[in-house]
Structure formats: C-alpha cells, structure tokens
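The primary structure of each chain is shown beneath.
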Number of protein chains: 2
Amino acid sequence: MAFSNLFEAAGKIMSNTNNPTESSSEGFGFIPHLAIDAVIFGFHNNQLKVLLMQYSKTCLHALPGGFVLLTENLNDAAKRVATERTGLSNIYLEQFYVFGDVARHDPTPFISFMEADGSAHNPGHWLLQRFISVGYFGLVDFTLVTPTPDKIFDSCDWYHLDALPPLIQDHTAIVHKALQALRAMLDDKLIGFNLLPRDFTMSELQSLYETILDKKLLRPAFQRKMLGLSILERVAKKFSGGAHKAPYLYRFVSK
Amino acid sequence: MAFSNLFEAAGKIMSNTNNPTESSSEGFGFIPHLAIDAVIFGFHNNQLKVLLMQYSKTCLHALPGGFVLLTENLNDAAKRVATERTGLSNIYLEQFYVFGDVARHDPTPFISFMEADGSAHNPGHWLLQRFISVGYFGLVDFTLVTPTPDKIFDSCDWYHLDALPPLIQDHTAIVHKALQALRAMLDDKLIGFNLLPRDFTMSELQSLYETILDKKLLRPAFQRKMLGLSILERVAKKFSGGAHKAPYLYRFVSK
DNA sequence: TTATTATTGTATCATTATGTTACAATAATA
DNA sequence: TATTATTGTAACATAATGATACAATAATAA
C-alpha cells in the first residue's frame, strides 16, 4: 500500500517497456515531464461545479489528471482521464492552455503523499520532477456522472466553483483559466448544452448562461436569440412545476 | 559538419547535464518528446506570409521549431525560437493548439537530413522519437524581420500562405490551424496591428483584415467600426501616393 | 368552482449596430 | 485648370439587440 508500490503496480499494467525504475516515467510507459489536467465542469442547483480529487490522509485537493502513454494520442489520454473520473464516455473536451512555467514545479504535495503513505520518498522519483501540463476542460451532464477516485487520490467529488478548497500547485489558476476559455467560446461554439440533461427548459438554459457569464440576461432577448438559432427542438411541456404556466422542454439539435 | 555533431555541439552549449548521449534529449538539456512549432505570420504586398525553414540538401521545408530546456519556461522557449528566426524581440505570440497524435510521428525527414549530411543515422537518436508539439503563432511586422536559419535548417524565408511548399510531417495542418485561431481571435483581441508597421493607412488595415478573414469588407462600415473602437490615433497624412486625396496615417494605441 | 399567483411565450417599441449608397474633399497627373 | 482615383464621412436602410408590456396558463387556495 506504499505509494511507490501503487505507482509501480500502475506502471506494470500500463507499460510495455522493460526495466522500470522509480526515477523514470518512461519505465512506467509515460512520456516524461508531461501531464494532463482536466477541469470537468458540471451544472447543478444553478451553480457551476468542478470535479476535484483529494488524498484524504493529507487533505490536499487537486484537479483530476494523468499522464500520456508513450504510444497514446494526447487527446485520447485526456479522454481517458475524463472518462475514468466520471464514468462517462463521449465527454465534450477542449484543450485550452498549456501550463509550462518552471515556477509551477512544486513537488511538496507528492512528497507529502509519499510520507503520509509511510514510504520513504525517493528524491529522484519521476513524479517529483518538473511537469508541463496540457489543460483540458470538459463539459458533462452532472446527473450522469459517477465521481470516481484515482490511484493516487482516494476521493473524487464536486465542488462549487465559487468555494473551491485550496488546491495544490497552480491548479486554482488552471480552473480560472478554464472558465475564461469556456466563457470565450460559449457564444461561438454553442457548447453549453453539454452541461445540461438532454431535455431542459428555456429558463434552465438561461440560468446556465448567466452562471457561466456571471451576468444577468434579459429573458425575452435570450429566448428570441436561442430560438432564432434554430438549434432547439421543442419536445413537450413540463408540468408539475409550480403555480404557473408550464414551460416547454427543449432539446439541442445540430442544424 | 555531420548532423549528430551539430546537435552534440548545440547540446553542449545548451545543456548543463553531464553524460549526453545521442539517444537522450535530456542529455542535451531538453525535455524529451516535447517540441515547439512556430507559425510566424507576416503581411506583405497584401498577402499573408509564413516563415519556413529549409534544409537545402534535401529540399524539405518545415516550420521554425525547437525544444524546451529542462529549466526553461515553455513560453520562453517559444519566444526564443521566434526571436532567433526573426531577429525580433517582443514578438506577439499565442499558444493555439497542442499536436499530440501518435500518427504525426514521422522521423523520415530527419533520417534524410542525417543521411544527406553523411552521418550514419543512429536509429535511437532522440530526434527520431515521437514528439508532442505545442503550436504557437506569432504576428510580426514583416519589414522588421531578418529571416535567420537554424542549426538544422540552413535557409529561412517567407512563403505566401496560399502557395506553401510541401511541408514535413503535419506542418501544413499546423499552419492552417494557426490561421483558424488567428481568424477567431482577430475581432476579440485586436491583434492584427502586430502585423503592420507602427503607422498605417486605413485601407492597409482593411486589406489586412480582408486577407486574414478571406472576405471583402465594406469600406465605410470598416472605417466607422475601427474609429469607433477608439484604439487608433491619427498621426499625419501620407502624401505622394497617387492621383487622389492623401490618406491619414493611423497608429495603434491601447485604450 | 373560481380567484389568485407566478412564470412563460411572445408582441411591441426603442435603441444600437451594421449594411449600403452617395458625395464632397483632395493629391497627383495631364 | 481639368481630370482622376481614392479618401473621409454623411445619410439612409436594414438587422440585431435592449426593454417593456401583456395575455396564456398550471398549480394552489378560497
């Protein structure tokens, strides 16, 4: 159960190379110095949430992440990470930035893990080296996700974007940059629908947009705009809401 | 003058590690498997141009590129590459995509270089391994650039975007993705000015926009829009143009 | 059964932005 | 001094967006 053992085990599963050593990620089948960090967004109770991992012994929080196998497409590695943490395939994923400053290198969290785990930490361990990380954001239907822990982090859960715990390294900055990227694309690429269930009301959609853009929108203008794009199919009415007219349910259909 | 020697020399200059070997890029001080490709755009004669390298012995063309030193910021490495190829510092640079498919791996050009260079090519040479490449585009004032060759490629020159020679690996696709990214940002980020000299006429600016967006724009609307942004300072008149009213020169000023 | 309530869908008008045409101003040339 | 081509901008038309208003209608309560 020592940390290095976990990694060795993981390495043996994933690697086809011989001679794995603690100080070489290639020995574990990974491209060295290269990581993936995934900012998985969900929408629940009119709030944006992100999936975060935690290693309970140290209480440290981090983004879901992983490494790229020597013979794996970069985007496939991101897909793999996102799928493993959510239980979903076909996740909408987008590269948004590569974090490559030397200053982001901070091995102390991993040293803490290894010490908390009782294993003497090898200062040459590949996990402690500098990493350049490709940032992806993912948009998922909150209701379909099964948050699933890691080989490193033993818990995985949703956190409200406005109340994130302190995160390791530069992960807080990564989350904010992901949100910026999502905002910038929202109108151009019409990707917001990936955060909603298949059927949704217009006010749910508007509430999503307002939350992402962090500003109030005018209801009639929003509805007119959305319907004018002819990307929405009116499905049925949603009854039993409250003491008022029942809203229609809409479904996203590509033009 | 053999290829591997060039690299060994380069490696010795740039690396602080001991024990350099041909099969390890870390031996040369670089992060292995990670490259940078730079799409440097210029604007000349109402045409978009890109800087391309050539290794004359093989006639192969490629994008300017480079590798990331073990203790260098990723963005600094891109800056270094762009600066070395243009002679300019303070180049507007933007990450636009990471090219990480396994299928892009194609060592044949580098094998050709090594063979053309007369050195027996070592099949384990680090240059022949798979690379994940971070794509940057750069916007420069064509008139200020001094195209400068590489340690690998012995020529560097401008090529009209619509008449690119065949490029190695997936570099043609990288150029087109860069252009897409530039287009998408043009209105939001007002970065077009980086492609013009300090002072320019309105019709030069419009011509630039038309070339990048690949569509005609209406002159009065374009002028009204640009002036309305209040990012342009009217500097002077440009005389001796032709048999017509002299246009004003404008200069970009941040708001 | 009927009034009340809150929310929805959309019409309407106001305002702003953009598309389009037109024309006077003016450097260089003939 | 007339001609030419291009510039700067006015003027109008059209489209997009901002803002207000109101009828329609599910659920609840009287």
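Residues numbered from 1 in each chain as written. Chains lettered and ligands numbered in written order. Predicted model: local features only at pLDDT ≥ 70, side-chain atom pairs only at ≥ 80, totals over all residues. Heavy atoms only, no water.

A. A look at the domain arrangement of chain A. Residues and elements named next belong to chain A. Considered domain by domain, chain A is made up of domain 1 (3-189) and domain 2 (198-252). For domain 1 and domain 2, the distance between their C-alpha centroids amounts to 34 Å. Facing nine residues of domain 1, the contacting portion of domain 2 comprises eight residues. Counting the surface domain 1 buries against domain 2, the share from its top three residues, Phe-43, Arg-183 and Leu-186, is 62%. The tally of links between domain 1 and domain 2 comes to zero salt bridges. Seen at the junction of domain 1 and domain 2, the total is two residue pairs in polar contact (both at pLDDT 80 or more). Of all the elements in the fold, those that place two or more residues in the side of domain 1 that touches domain 2 are strand S2 (47-55) and helix H4 (171-189). Top element by residues in the side of domain 1 that touches domain 2 is H4. It accounts for five residues. Each residue belonging to the side of domain 1 that touches domain 2 can be placed in one class, and the counts come to five nonpolar, two polar and two charged. (Domains from an automatic or database assignment. Contact = heavy atoms within 4.5 Å. Buried area = accessible area lost by both parts, 1.4 Å probe. Salt bridge = Lys/Arg side-chain N within 4 Å of Asp/Glu carboxyl O. Polar contact = N/O pair within 3.5 Å; in protein donor to acceptor, adjacent residues only side chain to side chain. Helix = DSSP H or I, 4+ residues; strand = E, 2+ residues; numbered from the N terminus. Nonpolar A, V, L, I, M, F, W, Y, C, P; charged D, E, K, R; others polar.)

B. Structural view of the relation of the copies chain B and chain A. Once chain B is rotated about the relating axis by 180° and shifted along it by 0.0 Å, it coincides with chain A to within an RMSD of 0.0 Å. With respect to symmetry, the two chain copies, as superposed, fit the operation of a two-fold axis. When C-alpha positions in chain B are compared against the rotation axis, the closest is assigned to Pro-32 of chain B, at 3.6 Å. (Least-squares fit on C-alpha atoms with pLDDT ≥ 70 in both.)

C. Summary view of the protein's contact with DNA strand C. The local shell around DNA strand C holds 27 residues, among which Arg-219, Ala-243 and Tyr-248 of chain A together with Ser-240 and His-244 of chain B are the closest. When atoms of DNA strand C within 4 Å of the protein are split into backbone and base, the sugar-phosphate part holds 52%. Interatomic distance of 2.7 Å between a backbone N/O atom of Ala-243 of chain A and a base oxygen of DNA strand C. Taking His-244 of chain B, its main chain carries an N or O atom lying 2.6 Å from a base nitrogen of DNA strand C. If you list the elements that add at least two residues to the surface near DNA strand C, you get helix H6 (219-228) and strand S10 (248-252) of chain A together with helix H6 (219-228) of chain B. With five residues, H6 of chain A is the largest single contributor of residues to the surface near DNA strand C. A breakdown of the residues in the surface near DNA strand C according to their chemical character gives twelve nonpolar, seven polar and eight charged. (Near = heavy atom within 4 Å.)

D. Inspection of the packing of aromatic side chains at higher detail. Residues and elements named next belong to chain A. Considering all chains together, one arrives at 32 aromatic pairs over all chains under this definition. Note on Phe-67 and Phe-131: the rings are 5.4 Å apart at their centroids and 45° apart in plane angle, and the pair reads as tilted. In this pair, Phe-67 is assigned in strand S4 (residues 65-69) and Phe-131 in the loop between helix H3 (108-116) and strand S6 (132-139), connecting sequence segments 64 residues apart. For Phe-67, a relative accessible area of 14% translates into the label buried. (Phe/Tyr/Trp six-rings, centres within 6.5 Å; stacked < 30°, edge-to-face > 60°. Buried < 20%, exposed > 50% of the residue type's maximum accessible area, 1.4 Å probe, protein only.)

E. Local environment of the protein's contact with DNA strand D. The immediate surroundings of DNA strand D are formed by 25 residues, with Ser-240 and His-244 of chain A together with Arg-219, Ala-243 and Tyr-248 of chain B found nearest. A share of 52% of the atoms of DNA strand D within 4 Å of the protein falls on sugar and phosphate groups. Contact between DNA strand D and His-244 of chain A: a base nitrogen at 2.6 Å from a main-chain N or O atom of the residue. Between DNA strand D and the protein, one listed contact pairs a sugar or linking oxygen with a side-chain N or O atom of Lys-245 of chain B at 3.4 Å. Within the residue set of the surface near DNA strand D, elements represented by two or more residues are H6 of chain A together with H6 of chain B. Element by element, the count of residues in the surface near DNA strand D is highest for H6 of chain B, at five residues. Among the residues making up the surface near DNA strand D, the classes are represented as ten nonpolar, seven polar and eight charged.

F. Geometry of unusual backbone geometry. All names here are of chain A. Even without being glycine, Asn-46 reaches a positive phi, approximately 60°. When you line up the elements, Asn-46 lands in the loop between strand S1 (30-44) and S2. Of note, Gln-169 is a non-glycine position whose phi angle comes to about 45°, a positive value. Counting through the fold element by element, Gln-169 comes out in the loop between strand S7 (155-160) and H4.

G. Here's a closer look at a negative patch on the surface. Where like charges cluster on the molecular surface, the negative patch consists of Asp-187 and Asp-188 of chain A together with Asp-187 and Asp-188 of chain B. For the negative patch, the secondary structure elements donating two or more residues are H4 of chain A together with helix H4 (171-189) of chain B. Among the secondary structure elements, Asp-187 of chain B is positioned in helix H4. (Patch = residues over 30% accessible without salt bridge, like charges linked within 9 Å, V, L, I, M, F, W, Y side chains within 5 Å. Areas by Shrake-Rupley, 256 points an atom, 1.4 Å probe, with all protein chains shown as cover. Lys, Arg positive; Asp, Glu negative; His and termini not counted. Charge placed at Lys NZ, Arg CZ, Asp CG, Glu CD.)

H. Quick peek at the pairing of S10 of chain A. Residues and elements named next belong to chain A. Of the pairings in the sheet, the one linking strand S8 (residues 199-201) to S10 comprises three bridges and is antiparallel in character. Each bridged residue has a counterpart across the sheet, and for Asp-199 the counterpart in S10 is Arg-251. Here strand S9 (residues 232-237) pairs with S10 via five bridges, running antiparallel. Paired with Lys-237 across the bridge in S10 is Tyr-248. (Pairing = 2+ DSSP bridges.)

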